[in-house]
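Here's the letter readout for the chains.
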Amino acid sequence: MPEHWLGWLVVVLLPIIAAAALTAVPIRAHAEGQRKHGDDNIVLNIRALFGLVKYKWEVPMMKLGGSGLKVEELSELDSGSLLHTGARKDEEIGFNKINLFLQHGWNLLKQTDHLTALVRKTMGKVKITRWEWKTTVGTGDAMWTAMATGMVWSFKTSALGVLSQLVRLQGEPAMEVQPEYRVACLETRFNCIAEISLGNAILAGLQLLVRMMRTEGGVRLWQNILFRA
């Protein structure tokens, strides 16, 4: 093969190989939640492109008030020297806000063609590489504590069963429910790592965009519904 043809072959193939390798790079989401001694904390870290793009969302405080659940949210996006932003938001989540959120979600499902099928297909590409969920429950009474422990176990196994139908579980899930017979308490700790390849995430985004554009009202309909949420 002439050398100039070999050079052109390298020029053509290298970008293709690099692009294929890049699409296989995983996007990793690490979620942690804990409730201990009445304090709640939830943290979500998302990393992409070998850590070049990082997003952190944290709820350091949740407090039940008279008109709903008061939540403090912290978010931070970091993509190296290109972009670094942070935000803090306090909001109160009551019945009306939950009802409005459900209505918006239902409107999107009705207006967007085969949205549920797309979500299920995308979820099928997600891998759960870590699933740890430990809970301590007590009521102060031995009989009621035993009943509460069984109910929590039932809820956890049902949740895991539903999850296993949607995503790919890898590794052995670690779940534990510890009864506390001496005092009334509810403490829990959750740790989960999920991954999806960059290529599958981009493909899902493009498919969603096509469905949004086919919807009556197009992308503007989504913007109107999401910004009202």
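Everything in this summary refers to the structure shown in the same document. Computed from a prediction, not measured in an experiment: that's the story for all the values here.

With that settled, consider a nonpolar patch on the surface. A surface patch of nonpolar side chains, amounting to about 390 Å² of accessible area, comprises Ile202, Leu206, Leu209 and Met213. The residue Ile202 is located in helix α5 (residues 198–214) in this model. Overall, the relative accessible area of 44% leaves Ile202 in the partly exposed class.

The next point concerns the nonpolar core. Grouped together as the largest cluster of nonpolar side chains are 14 residues, with contacts concentrated most on Ile27, Val126, Ile128, Trp131, Val167 and Met175. Among the elements of the structure, β6 (127–139), α4 (142–166) and β9 (184–197) are those that each provide at least two residues to this core. Among all residues touching Ile128, those that are not within four sequence positions of it are Val167, Arg168, Leu169, Gln170, Cys192, Ile193 and Ala194.

The end-to-end C-alpha distance of α4 is 37 Å, a good match for the 36 Å that 25 residues give at a rise of 1.5 Å each. When we look at burial in α4, the residues that qualify are Thr145, Ala148, Thr149, Lys156, Leu160 and Leu163. Among the structural elements, β6, β7 (168–169) and β8 (174–179) are those in contact with the buried residues of α4. Put simply, Asp141 is the residue that caps the front of α4, since its side-chain oxygen is 3.1 Å from the backbone nitrogen of Met143.

Rules of the game
- Residues numbered from 1 in each chain as written.
- Predicted model: local features only at pLDDT ≥ 70, side-chain atom pairs only at ≥ 80, totals over all residues.
- Heavy atoms only, no water.
- Patch = residues over 30% accessible without salt bridge, like charges linked within 9 Å, V, L, I, M, F, W, Y side chains within 5 Å.
- Areas by Shrake-Rupley, 256 points an atom, 1.4 Å probe, with all protein chains shown as cover.
- Salt bridge = Lys/Arg side-chain N within 4 Å of Asp/Glu carboxyl O.
- Helix = DSSP H or I, 4+ residues; strand = E, 2+ residues; numbered from the N terminus.
- Buried < 20%, exposed > 50% of the residue type's maximum accessible area, 1.4 Å probe, protein only.
- Core = buried A, V, L, I, M, F, W, Y, C linked by side-chain atoms within 4.5 Å.
- Contact = heavy atoms within 4.5 Å.
- Expected span 1.5 Å × (residues − 1).
- Polar contact = N/O pair within 3.5 Å; in protein donor to acceptor, adjacent residues only side chain to side chain.

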